[in-house]
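# Coordinate inspection notes
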Amino acid sequence: TAPSAPGNLVCSNKTSTSVTLTWNPSFDNFSGIKKYWVFRVAPEYDYWLGDTTTTSQVISGLSPNTTYTFKVGAIDNGYDGNQSGFTYITVTTNP
């Protein structure tokens, strides 16, 4: 079965060109969590920003005073790599 979606996604720090996203761990009662995928949501398609085994990600290279939407999902350790649903957050960088 798929893991739970990451919980309580927040922006724990931001500057004019970067944000730090933090979330509560996902849960998978069979194989555990392998990693989290982080994306920037855009109208044409979502940009993969990388994956992490921790529950936070620093995203840099952003533009000042700009609103971005990000999403985070979990992948489990199972042989078929089940994916959770995504959790979303919208953040505006500092001027």
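One can find the structure itself at the top, above this paragraph.
In what follows, the accompanying structure is described. (Residues numbered from 1 in each chain as written. Predicted model: local features only at pLDDT ≥ 70, side-chain atom pairs only at ≥ 80, totals over all residues. Heavy atoms only, no water.)

## Comments concerning the overall build of the protein chain
Put simply, the rule is: Elements are defined by DSSP. Helices are runs of H or I of four residues or more, strands are runs of E of two residues or more, and each kind is numbered from the N terminus. C-alpha atoms define the radius of gyration in this analysis, and the globule rule sets the expected value at 2.2 Å times the number of residues to the power 0.38. Partly exposed describes any residue whose relative accessible area lies between the buried limit of under 20% and the exposed limit of over 50%, with all areas from a 1.4 Å probe on protein chains only and scaled to the type maximum. By definition in these notes, contact holds between two residues if any of their heavy atoms fall within 4.5 Å. Using the Shrake-Rupley algorithm and a 1.4 Å probe, accessible areas are obtained, with residue cover drawn only from the displayed protein chains. Charged-residue counts in this description rest on Lys and Arg as positive and Asp and Glu as negative, His and the chain ends being excluded. For charged residues, the charge sits on one atom: NZ in Lys, CZ in Arg, CG in Asp, CD in Glu.
From N to C terminus, the protein chain includes zero helices and seven strands. A globule of 95 residues ought to have a C-alpha radius of gyration of about 12 Å, and the protein chain, at 14 Å, matches this closely. By principal-axis analysis of the C-alpha atoms, the protein chain measures approximately 45 × 25 × 15 Å. Going through the 95 residues of the protein chain one by one, you find that 35% of them count as buried. Partitioning the contacts of the protein chain with sequence separation of at least 6, the portion at a separation of at least 24 is 60%. About 5,200 Å² of surface is accessible on the protein chain, with carbon and sulfur atoms providing 51% of the total. Placing the 5 positive and 6 negative side-chain charges of the protein chain at their respective mean positions leaves the two points 9 Å apart.

## Some details on the pattern of salt bridges
Note on pairing: side chains with opposite charge can pair once their charged atoms come close. Note the cut-off: The salt bridge criterion pairs a side-chain nitrogen of Lys or Arg with a carboxyl oxygen of Asp or Glu, the two atoms within 4 Å.
Taken as a whole and assessed by the stated rule, the structure comprises one salt bridge. Its salt-bridge partner being Lys-71, residue Asp-46 comes within 2.6 Å of it at the nearest N-O pair. Note that Asp-46 is positioned in the loop between β3 (33-41) and β4 (47-52) and Lys-71 in strand β6 (residues 67-76), a separation of 25 residues in sequence.

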